[in-house]
Structures are given as structure tokens and as C-alpha cells.
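Here's the letter readout for the chains.
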Amino acid sequence: MRNEVHQQRLSAHYIQHFNTSTLQLPKAFGINSFNKMKKLELHWKILIGMVLGVAFGALAVKLGWNGFVVDWIKPFGTIFINLLKLIAIPLIVASLIKGVSDLEDIAKLSSMGYKTIGFYLITTAVAISVGLIIVNIVEPGYLIDEPTRAEMMEKFGSGAQAKIQSAEEAKNAGPLQPLIDLVPDNIIGAASSNGNMLKVIFFVLFFGVGLILIPKEKAQPVKDFFDGVNEVVLKMIDLIMLTAPYGVFALLAALIVELPSAQIFVALLGYAACVAGGLLILLFFFYPTIVKIFTGRGWNFFFKGMAPAQLLAFSTSSSAATLPVTMERVEEHLGVDEEVASFVLPIGATINMDGTGLYQGVAAVFIAQAFGMELSLAAQLGIILTATLASIGSAAVPSAGMVMLVIVLQEAGIPEAGLALIFAIDRPLDMLRTVINVSSDATVSMVVAKSIGKLGEPKEKKWDDFVEQV
Ligand code: ASP
């Protein structure tokens, strides 16, 4: 009996000891900091992934591991972008149908449409004007000397030629081609490519209008179905975003090993500073001011809400790939109602490209300067117009802005072969202008939402709850 009691005490002691030692385990193995890491806000995680990616890429270049990075790291970046793109069409379809049918009134849809297009055009024209003012003050084109120009023309001439050819194909179409392109002849065919986003939007809007016009009891099951699909897709985005830090690590590491030599960058520093300076003015001054004036929301609120989408735009150089995350952030963190976000953002991702427009304006004047051309005020006003149209026509994918720049150059009578001059530095600037494109879409969505009483409170908790669940 005594033995039994002793046994029990002993096991109680072990149990207690075991428990306390397991309680201490996390500290010993840094699990506390692991938990903290898990709780870290998403944009910090993405930022850490980016910094580590750049550092690893630089190390790889130093150690000659370029091949390894391209073969074994880059594919994970590509897979990450593919996952984001994969979700774009289902997201647009589900959320736009839900959004439009919730409007319950076609008049509301058209008023939202006018406001959206109006704001998009105004912000783009302002963006290009900012770029033109800067490039005319700094005059970076005159900093390029003749030998450097000849070297760059030779090195990047063939790459530029390929872009010129793509632009030619786009330009050969008739004046009403963009209108024809809007209306698909087959929805399955249109939905099979992310490049056909506007066609899909057209169909979905049309479908949504039909849904508004049929009796409520018939429409309800259709609405419920797409409501459910929408929830599933949003959850899929949450899951994809868990891998974002690793995805951006791979993307940036690969980017660094594939970058051209630093020497060329030096010659283009003045030009790059004009583009980057203009873009940063838009990002940190223009959009927060618009948000403040029209919605009363502050600088911090906007950036805290948008940071993950902005970092992703920077890493992927594609507004289309970033769209699912932009939509999620704008709805959950900026308080824009889904009816507005699902309408304004997909259209914005396709046609509203302030960053691209600014870049096209600066690049056109820079190339003209480098070739010793004087551009009159009328010619520069013409550039505002053509760059607005060219930015609308640019696809939401990496480098698309450069293809459409050819048309701006042609319209202004600037030699398009000059594209070779800016070729080397296009990618980093593309990354930055994509951030601006996405931020502009978010800004306009807030303004439009506010104007029709659809700007509410953000659902901030959601991401943390989700990470806890996982
Ligand atoms: N990469 C940009 C975007 O996706 C387009 C461009 O300027 O090339 O928004």
C-alpha cells in the first residue's frame, strides 16, 4: 500500500516535472519567437522575404551560383505568380456577379461606371503631367554622351526591335478595334486567358444586369451560388498569401542574378531618378492626399491596408497577378464595399495605369532629349493624350508599358529605336510603376465607394484570425 502511494507520488512528480519541462521547452527552442514570427503582420513577412531574396541573389552572383538560382529558385517564384493569376478570373466572375446583383438597380451601376472612368482618366492625366514637369526640369537625356548612346543602341537594339514589332501589331488594328475587343464571341474562349480581362468583365456585367432584371426568387439561388464561390476564392487567396514571403524571395533572388551590369545603370541614373521621383510623389503625396480629401482617411490607414498588395505588385511587376490581393485588401482593410471593389478594381487593373503613363511620358521626352530633339509644348500636350491612351491599352503584365511606349514615340515623331536606351533599367522601374498602378486603383475605389455611401469600417481582424486558424 505504502509502495503504491509512493508510486503515485512518484508518477505525480514525473507528470509535474514533465509538464513544467515541456512548458519551458518553447523558450529553450525559441518557439516563443517562432510564435511571434507567426503573428508578424503580413507585409513585414513579405518585406523580410524580399530583403532576403535580394541578399541571396547578390550572394549568388558573387559565388557564381546564377545557374542554381535560375534552375532551382526561380521556378518557385513562377509558381507563386501562376497561383495568383489562376485565381484572377474566378475572383472577377464571382465577386462581380455578386457585386452587381447586390446593386439591385441599373442606374446605380451606370453612375458608378461614370465616376470610375472619370477618376481613372483624371488621375492618369495628372500622373503624366507630373512626369513631364520633372523630366523637363531635370533634362536627364542630355546627360547621356554619344559613346554611351551608341553602346546601348548596339547592346539592346534587338530587344527593342521585338517590342517595336509587338506594338506594330497592336497599332495596325482599326480605330474601333478596342470596342470590338470588348465584346467576346465566346465566353469560355475569353475566360481562357488573363489577357482578356475586359471581355470577361463585359460578360459578367451583362450577366449581372440580367440577374437584376429577373424576378427575385429566380435570381436568389444564382446569387447564393456565386456568393459561396466568392467566399471559397477569397479563402484560396488567404492560403496563397501564406506562401507570399517565399514567393517574393524566389522572385527577387532570380531578378538579381538576371540583372544587367551596374555600369549601364549609372548612365541611366538621371532618367531612373525622374521616373522613380515622379512615381514616389504620386505614391506618398498624391494618392494619400486624394484619400484624405475625399474620404477623410489618413496616410497610415491607407498604407497599412495596402502594403501587402503594394509589395506584391513590386515583386511581381504585374497588376493582374496582384489583383486578387488588391481586392482582398481593399475590401477587408480599407473598408470598401464589395459591390464597389469588385467593379472598380478589375477595370482599374486593366485600364488605369498612372505609373505606366508617367513612365511613358518621361521615357518619351528622355529619348527625345538623348537624340538632341526639342519637343514643343504642343508636342508634350500630345504626349499627355497618347500616353493616357497607351497606358489604358497596356496589359497588366511585366513590361507591357514598354510595348505601348512605342506608340507614344511614333505619335510624337521620336525615333522608336531609342527604346534601346531605356531597356536595361526597365524592370526595376516596371516594379515601381506597378505599385503605383495598384495604389491608384485602390485610391479610386475608396473615392467611388465614399461618393455612393459604400465606404465602411475595415474588417482588420481577419488576417490574424486566419493565421491563428492555420
Ligand atoms: N507592369 C505594369 C502593370 O502590370 C504594366 C507596365 O507598365 O508594364 O501594371
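The text that follows walks through the structure, step by step, so that each part is easy to find. (Residues numbered from 1 in each chain as written. Predicted model: local features only at pLDDT ≥ 70, side-chain atom pairs only at ≥ 80, totals over all residues. Heavy atoms only, no water.)

Attention now moves to the overall build of the protein chain. Of the regular secondary structure elements, the protein chain holds 22 helices and zero strands. The 470 residues of the protein chain split such that 49% are buried. For the protein chain, restricting intrachain contacts to residue pairs at least 6 apart in sequence, the fraction spanning at least 24 positions comes to 84%. Carbon and sulfur atoms make up 66% of the accessible area of the protein chain, which amounts to about 22100 Å² in all. (Helix = DSSP H or I, 4+ residues; strand = E, 2+ residues; numbered from the N terminus. Buried < 20%, exposed > 50% of the residue type's maximum accessible area, 1.4 Å probe, protein only. Contact = heavy atoms within 4.5 Å. Areas by Shrake-Rupley, 256 points an atom, 1.4 Å probe, with all protein chains shown as cover.)

Where helix 11 (residues 244–257) contacts helix 14 (residues 299–316), the axes come no closer than 9 Å and their chain directions differ by 30°. The orientation of helix 11 relative to helix 14 falls into the category roughly parallel. Read as a crossing pair, helix 11 and helix 14 show a hand that is left-handed. In contact with Ala244, Val248 and Leu251 of helix 11, helix 14 contributes Leu312, Ser315 and Thr316. Counted by class, the contact of helix 11 with helix 14 contains four nonpolar, two polar and no charged residues. (Axes fitted to C-alpha atoms, helices over the stretch in contact; angles between N-to-C directions. Parallel < 35°, antiparallel > 145°, perpendicular 65-115°, else oblique. Left-handed = near helix turned anticlockwise from the far one by under 90°. Nonpolar A, V, L, I, M, F, W, Y, C, P; charged D, E, K, R; others polar.)

So, on to the environment of Ile89. When you line up the elements, Ile89 lands in helix 4 (residues 66–103). The class for Ile89 is buried, based on a relative accessible area of 10%. Residues Ile89 and Ser192 lie 103 residues apart in sequence; the distance between their C-alpha atoms is 8.7 Å.

Before going further, it helps to examine empty space enclosed by the protein. In total, this model carries two cavities of 30 Å³ or more according to the counting rule given. When its volume is computed, the largest cavity comes out at roughly 80 Å³. Around the largest cavity, the lining comprises 17 residues; the ones closest to its centre are Thr356, Ala395, Val397, Asp430 and Asn437. Elements represented by at least two residues in the lining of the largest cavity include exactly helix 19 (400–412) and helix 21 (426–451). In terms of residues, the lining of the largest cavity owes the most to one element, helix 21, which gives four residues. (1 Å grid on protein atoms, 1.4 Å probe; cavity = no way out; pocket = protein on both sides within 12 Å on 5 of 7 lines; lining within 4 Å. Points joined across faces, edges and corners; volume = space filled by probe spheres on them.)

Taking 1.5 Å per residue, 17 residues should reach 24 Å; helix 17 (residues 354–370) reaches 24 Å between its end C-alpha atoms and fits that length. Helix 17 sits mainly inside the fold: 17 of its 17 residues count as buried. Just downstream of helix 17 lies Gly372, where phi reads positive at about 75°. (Expected span 1.5 Å × (residues − 1).)

Attention shifts here to the nonpolar core. Tyr271 and Ile422 are the most contacted members of the largest nonpolar core, which has 132 residues in total. Setting aside residues up to four positions removed in sequence, Tyr271 forms contacts with Pro140, Tyr359, Val362, Ala363, Phe366, Ile422, Ile425 and Leu429. Grouped together as the second largest cluster of nonpolar side chains are seven residues, Ala60, Ile73, Ala254 and Val257 included. (Core = buried A, V, L, I, M, F, W, Y, C linked by side-chain atoms within 4.5 Å.)

Of the volumes computed, that of the largest pocket is approximately 1600 Å³. Around the largest pocket, the lining is made up of 50 residues, and of these Pro178, Leu198, Ile351, Ile392 and Gly393 lie nearest the centre. Here the lining of the largest pocket is built from residues that sort into 33 nonpolar, twelve polar and five charged.

Moving on to the pattern of salt bridges. Tallying each qualifying case throughout the model produces nine salt bridges. Among the salt bridges present, the one from Glu258 reaches Lys74, with a minimum N-O distance of 3.3 Å. Here Glu258, found in the loop between helix 11 and helix 12 (262–267), pairs with Lys74, found in helix 4; they are 184 residues apart in sequence, far enough to count as distant. For Lys74, a relative accessible area of 31% gives the class partly exposed. Residues Glu338 and Lys98 are paired through a salt bridge, measuring 3.1 Å at the closest nitrogen-oxygen approach. Of the two residues, Glu338 sits in helix 16 (residues 338–351) while Lys98 sits in helix 4, which places them 240 residues apart along the sequence. Like Lys98, Glu338 is buried. Connected via shared salt-bridge partners are Lys98, Asp227 and Glu338. (Salt bridge = Lys/Arg side-chain N within 4 Å of Asp/Glu carboxyl O.)

Turning our eyes to something else, we now look at the site of the ligand. Neighbouring residues of the ligand: 16 residues in total, closest Ser319, Thr356, Gly401, Asp430 and Arg433. In the model, an oxygen atom of the ligand is placed 2.6 Å from a nitrogen or oxygen of the Thr356 side chain. A distance of 3.1 Å separates an oxygen atom of the ligand from a polar backbone atom of Ala400. Here the ligand has 270 Å² of accessible area as a free molecule, and 100% of this is covered by the chains. For the ligand, the cavity whose grid points lie within 2 Å of the majority of its atoms is the largest cavity. At four residues, the largest contribution of residues to the shell around the ligand is made by helix 21. Tallied by class, the residues present in the shell around the ligand amount to six nonpolar, eight polar and two charged. (Near = heavy atom within 4 Å. Polar contact = N/O pair within 3.5 Å; in protein donor to acceptor, adjacent residues only side chain to side chain. Sits in = over half its atoms within 2 Å of the grid points.)

None of this, on its own, says anything about what the molecule does.
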